[in-house]
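Close look at the chain arrangement
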Amino acid sequence: MDNIKTFDLYVGKILAFLYTEFPCKCELNYKSDFGEVNAKIMFATLIWLKDSGFIDFESTINDDFIYNAILSPKGLELLKQQPKSLEQKKSFGEWLSECASSGKDELIRRSASELLHYSLGFLAKLF
């Protein structure tokens, strides 16, 4: 799997995890919470999500443990959106959570890719 596909998969897994835990802050140990991962890409994905304003966390420990992770207001608002592209009347957060619980990586990856694409238009409307 190339880096972009791996990135999309990890975005989906991270956002689904934080959506189901919201509004509680939580710890992420991605080596145990998400199974076998490419640690370099997972850590970079977490940093990108934080730098892009989708999630927040206090600190990292050993590059595999994230302390007090939570969806940002921007991330939560995006995940609460109900795009017309989803046949069922579900929010992105509900859909991603279902995909993540199914364990179907390709479905998680495609859903996260669509979410990121949707976010560009959604965020443009806010500014």
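Located above this text is the structure these notes cover.
Scope of this entry: the structure provided in the associated data block. Note that this is a predicted model, so its numbers are computed, not measured. (Residues numbered from 1 in each chain as written. Predicted model: local features only at pLDDT ≥ 70, side-chain atom pairs only at ≥ 80, totals over all residues. Heavy atoms only, no water.)

For the rest of this paragraph, the subject is helix α5 (residues 92–102). Listed as buried for α5 are F92, G93, W95, L96, S97 and C99. Positioned one or two residues after α5, G103 has a phi angle of 75°, which is positive. (Buried < 20%, exposed > 50% of the residue type's maximum accessible area, 1.4 Å probe, protein only. Helix = DSSP H or I, 4+ residues; strand = E, 2+ residues; numbered from the N terminus.)

Right, let's talk about the pairing of strand β1 (residues 26–29) for a bit. Across the two faces of β1 the burial differs, with C26 and L28 buried and E27 and N29 not buried at all. Pairing analysis gives three bridges linking β1 to strand β4 (residues 65–71), with the strands arranged antiparallel. In the strand pairing of β4, C26 is matched with A69. (Pairing = 2+ DSSP bridges.)

Turning our eyes to something else, we now look at the nonpolar core. In this structure, I14, L15, M42, L46 and I55 are the most contacted members of the largest nonpolar core, which totals 34 residues. Contributing elements (two or more residues each) for this core: α1 (3–21), β1, α3 (39–51), β4, α4 (73–79), α5 and α6 (105–126). Here this core takes eight residues from α1, the largest share from any one element. Those residues within four positions of I14 in sequence are excluded, and the remaining contacts are F34, M42, T45, L46 and L49. (Core = buried A, V, L, I, M, F, W, Y, C linked by side-chain atoms within 4.5 Å. Contact = heavy atoms within 4.5 Å.)

Moving on: α3. Each α-helix turn comprises 3.6 residues. Residues three or four places apart therefore point the same way. With 13 residues, α3 ought to run about 18 Å at 1.5 Å a step, and its terminal C-alpha atoms sit 18 Å apart, in line with that. When we look at burial in α3, the residues that qualify are I41, M42, T45, L46 and L49. The arc enclosing the buried residues of α3, seen along the axis, measures out at 140°, which places them on a common side. When the buried face of α3 is taken as reference, the exposed residues oriented beyond 90 degrees from it are K40 and D51. For α3, the secondary structure elements touched by its buried residues are α1, β1, α2 (30–33), β2 (55–56) and β4. (Expected span 1.5 Å × (residues − 1). Arc of directions from axis to C-beta.)

Glancing now at the packing of aromatic side chains. Under the definition given, this model contains four aromatic pairs. Between F17 and F34, the aromatic rings sit 5.8 Å apart at their centres with planes inclined by 75°, giving edge-to-face as the arrangement. Taken together, the positions of F17 in helix α1 and F34 in the loop between α2 and α3 put the pair 17 residues apart, joining distant regions of the chain. One aromatic cluster is present, built from ring pairs that chain together F7, W48 and F54. Over the ring of F57 we find K50; its NZ or CZ atom is 4.5 Å from the centre of that ring. We note K74 situated over the ring of F54; from NZ or CZ to the ring centre the distance is 4.7 Å. (Phe/Tyr/Trp six-rings, centres within 6.5 Å; stacked < 30°, edge-to-face > 60°. Lys NZ or Arg CZ within 6 Å of the ring centre and 35° of its normal.)

On to the pairing of β4, then. Counting buried positions along β4 gives five out of seven residues, so the element sits mostly inside the fold. Here β2 pairs with β4 via two bridges, running antiparallel. Bridged to D56 within β4 is I70. Relative to β4, strand β3 (residues 59–61) runs antiparallel, the two sharing three bridges. In the sheet register, I61 faces β4, and the bridge partner there is F65.

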